[in-house]
Amino acid sequence: MKQEFIVTGPEGYLGREFSCTCGKDHSFGIKEIVLEENALERIPALMEKFGYHHPFLVADTHTMAVAGEKLEGVLTKAGIPFAHHVFTEEHLVPTMENVKLLEAAVPEGTDVMIAVGSGTLNDSTKYASFEKGLPFFVAATAPSMDGYASDVAPLIIHNLKSTEKAQNPVAIVGDVEVLRNAPMNMIAAGIGDTLGKYVSLCDWEIGQMITGEYYCPNIAKMVRTSVDTMTANLHKVQSRDAETIVGITRALIMTGIAMSFAGVSRPASGAEHQNAHFWEMQELQDGKIPYLHGTEVGVGTILALKLYEGFLARADKIDLSKITYSHDEAKWEQEIRRAYRGAADGVLALEQRVKRNSRESWEARMANTKAHWGQIVSLAKTRLPSSQDFKRELSALGGPVSPAELDVSRERARDGLLYAKELRDRYTIQQLLWDLGLLEEVAEEVLDQLY
């Protein structure tokens, strides 16, 4: 039965469908969320409830030690036969090649896959199970990213970070003791990923005005409320307060639900994610291990906030009637090939398809920018924390607060500020500044503050 859309905790959405004032019906595929002490011991009962008998566990050597071995003991005690695949790489990367290896390892007779881990393990299992036509559970091991509840999987395909359609888990199970004892840098990464939603939500709301893209104020409220609730308790993180760690996990799950409701990652991913994705792609092409996704998103959020601040510092002086279109397609393609290297073809193909940089597209956006100018400026002023406040929050957790701390050179940071917007057909502060002819100027100003 459809119900009126309400804003509540993640458990309030389980297996329900809502009619929304945005004009869409929102449904949610996850049936159980268990965040409690000894939660892994609930998995046999959950399997019985949903009629699963032959699980296939997916872990790496780290998550096997903190949760996988315990889960195998629980399954053995319950008399449930299982198989597993343990990735032995020190730093597992979410490539399509690794997903295909996982798919090939699934034994005949498997009726449910269980991801024991967070980021890459969750995404790889989510996509592999979707491709195999199998349901999956996730046994969360760290509050480090917002993908637990989403139905998409970010993967590296031909050097390009791509968000692929997948599925929701049937159940999310998080043992509080495991979550609160996760490495502090992983907890900080989850906080960085969550706090970045202030930027993504602002980008999304402005994007609706400028491009007419789908926007749901109720979904936005879901995300903003969960982030605000989490932020109020950040002073308890260093003591690994159990209630606070569960609160972070719940906020991350809520943003995953929001992505599922929207049908895209838009409510949780804006300019802050595009910069992080750009750096990650470059690091992989250099043969380096990327930093944790949420860690890079946290730093990407600082850059995005500074871009918004650069915009606001100029907003009163901008004469929209005097802005002219100026885009050199040949020069732009040359820069994209230099900046993206092995991933350039995918970026160029996207532009060929959507023609975002064409005069016609620019003129349409500028017409709407003029029509909504006051609202845009007001949102930028009222919806966002200051970059200094955000930086202070991350610093208190011991997290990086500048691209240089992520070994990102000034040149690479500049490339991200100028060209990360080309990764997605998605309106962000970088697109707004590009349309106004200010992106390069503001980017250099931001870099001067950081390097």
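Figured I'd write up the structure that's included with this text.

Criteria and thresholds
- Residues numbered from 1 in each chain as written.
- Predicted model: local features only at pLDDT ≥ 70, side-chain atom pairs only at ≥ 80, totals over all residues.
- Heavy atoms only, no water.
- Helix = DSSP H or I, 4+ residues; strand = E, 2+ residues; numbered from the N terminus.
- Rg over C-alpha atoms; globule rule 2.2 N^0.38 Å.
- Buried < 20%, exposed > 50% of the residue type's maximum accessible area, 1.4 Å probe, protein only.
- Contact = heavy atoms within 4.5 Å.
- Areas by Shrake-Rupley, 256 points an atom, 1.4 Å probe, with all protein chains shown as cover.
- Polar contact = N/O pair within 3.5 Å; in protein donor to acceptor, adjacent residues only side chain to side chain.
- Core = buried A, V, L, I, M, F, W, Y, C linked by side-chain atoms within 4.5 Å.
- Phe/Tyr/Trp six-rings, centres within 6.5 Å; stacked < 30°, edge-to-face > 60°.
- Pairing = 2+ DSSP bridges.
- 1 Å grid on protein atoms, 1.4 Å probe; cavity = no way out; pocket = protein on both sides within 12 Å on 5 of 7 lines; lining within 4 Å.
- Points joined across faces, edges and corners; volume = space filled by probe spheres on them.
- Nonpolar A, V, L, I, M, F, W, Y, C, P; charged D, E, K, R; others polar.
- Axes fitted to C-alpha atoms, helices over the stretch in contact; angles between N-to-C directions.
- Parallel < 35°, antiparallel > 145°, perpendicular 65-115°, else oblique.
- Left-handed = near helix turned anticlockwise from the far one by under 90°.
- Salt bridge = Lys/Arg side-chain N within 4 Å of Asp/Glu carboxyl O.

### Quick word on the overall build of the chain
- Within the chain, the secondary structure is distributed over 19 helices and 11 strands.
- In summary, the chain has a C-alpha radius of gyration of 22 Å against a globular reference of 22 Å for 451 residues, a match within 12%.
- The principal-axis extents of the C-alpha atoms in the chain amount to approximately 75 × 45 × 40 Å.
- By residue count, 60% of the 451 residues in the chain fall in the buried class.
- Contacts spanning at least 24 positions in sequence make up 76% of the contacts within the chain whose residues lie at least 6 apart.
- Of the roughly 17,700 Å² of accessible surface on the chain, a fraction of 49% belongs to carbon and sulfur atoms.

### Regarding the side chain of Asp-175
- Mapped onto the elements of the fold, Asp-175 is located in strand β11 (residues 171–175).
- On the basis of relative accessible area, Asp-175 is assigned to the buried category, the value being 3%.
- Engagement of the side chain of Asp-175 in a polar contact is seen with the backbone nitrogen of Asn-38, the distance being 3.4 Å.
- Discounting residues that sit within four places of it in the chain, Asp-175 has contacts with Glu-36, Asn-38, Ala-39, Leu-40, Lys-70 and Ala-140.

### What to know about the nonpolar core
- Among the nonpolar cores identified, the biggest contains 129 residues, and Met-113, Ile-191, Ile-257, Phe-311, Tyr-340 and Leu-436 are the most heavily contacted of them.
- With 11 residues, helix α9 (residues 242–262) is the largest single contributor of residues to this core.
- Not counting the four nearest positions on each side in its chain, Ile-191 is found in contact with Met-230, Leu-234, Val-237, Ile-248 and Leu-397.
- One finds Leu-46, Tyr-52, Ala-59 and Phe-137 within the second-largest nonpolar core, a separate group that totals 22 residues.

### Let's talk about the packing of aromatic side chains
- Scanning all chains against the criterion turns up seven aromatic pairs.
- Between Tyr-52 and Phe-137, the aromatic rings sit 5.9 Å apart at their centres with planes inclined by 65 degrees, giving edge-to-face as the arrangement. Of this pair, Tyr-52 sits in the loop between α1 (43–50) and β5 (55–60) while Phe-137 sits in strand β8 (residues 136–140), and the two are 85 residues apart along the sequence.
- Residue Phe-137 is classed as buried on the basis of its relative accessible area, which comes to 0%.
- Seen in terms of ring centroids, Tyr-325 and Trp-362 are 5.5 Å apart; in terms of plane orientation they differ by 50 degrees. Their pairing is tilted.

### Concerning the pairing of strand β9 (residues 152–157)
- As judged from the six bridges shared by β9 and strand β10 (residues 160–165), these two strands associate in the antiparallel manner. By the bridge assignment for β10, Ile-156 is matched with Lys-161.
- Where β9 hands over to β10, the hairpin turn is made up of two residues, of which His-158 adopts a positive phi near 50 degrees.

### Quick notes on the layout of surface pockets
- Looking at the second largest pocket, its volume works out to about 560 Å³.
- As for the second largest pocket, its lining consists of 21 residues, of which Ser-326, His-327, Tyr-419, Trp-434 and Glu-440 are closest to the centre.
- Sorting the residues of the lining of the second largest pocket by element identifies α12 (329–340), α17 (410–419), α18 (429–435) and α19 (439–450) as the ones contributing at least two each.
- For the lining of the second largest pocket, a count of residues per class yields eight nonpolar, four polar and nine charged.

### With respect to the packing of α12 against α17
- At their nearest, the axes of α12 and α17 sit 11 Å apart, and the two run at 130 degrees to each other. Of the possible angle classes, the one that applies to α12 and α17 is oblique. Remark: the crossing between α12 and α17 carries left-handed chirality. Every residue of α17 that contacts α12 at Glu-335, Ile-336, Arg-338, Ala-339 and Tyr-340 is listed here: Glu-411, Asp-415 and Tyr-419.
- For the contact of α12 with α17, the per-class residue count stands at four nonpolar, no polar and four charged.

### Remarks on the pattern of salt bridges
- Counted under the stated rule, the structure contains 29 salt bridges.
- Between Glu-36 and Arg-42 there is a salt bridge, and its shortest N-O distance comes to 3.0 Å.
- On the basis of relative accessible area, Arg-42 is assigned to the partly exposed category, the value being 33%.
- A salt bridge links Glu-205 to Arg-383; its shortest N-O distance comes to 3.4 Å. Remark: Arg-383 occurs in the loop between α15 (373–382) and α16 (387–396) and Glu-205 occurs in helix α7 (residues 197–211); sequence separation between them is 178 residues.
- Linked through salt bridges whose partners overlap, the residues forming this network are Arg-410, Arg-414, Glu-440, Glu-444 and Asp-448.

### Observations concerning the packing of helix α11 (residues 293–315) against α15
- Contact geometry for α11 and α15: axes closest at 10 Å, N-to-C directions at 130 degrees. The orientation of α11 with respect to α15, classified from their angle, is oblique. The handedness of the crossing between α11 and α15 is left-handed. Residues Tyr-308, Phe-311, Leu-312 and Ala-315 of α11 form the contact with α15, whose participating residues are Trp-373, Ile-376, Val-377, Ala-380 and Lys-381.
- Its residues assigned to classes, the contact of α11 with α15 shows eight nonpolar, no polar and one charged.

### Concerning the sheet that holds strand β6 (residues 83–87)
- Read from one edge of the open sheet, six strands run β4-β11-β8-β7-β5-β6, paired in parallel fashion. This sheet does not close on itself; its edge strands, each paired only once, are β4 (32–36) and β6. On average, each strand axis in the sheet is tilted by 15 degrees relative to the strand beside it, whichever way the strands run.
- Relative to β6, β5 runs parallel, the two being bridged by five bridges.

### Here we look at unusual backbone geometry
- Not every positive phi belongs to a glycine, and His-158 is a case in point at roughly 50 degrees.
- Structurally, His-158 is set in the loop between β9 and β10.
- Residues other than glycine seldom take positive phi values, yet Asp-407 does so here, at roughly 65 degrees.
- Within the fold, Asp-407 resides in the loop between α16 and α17.

These figures capture arrangement, not role.
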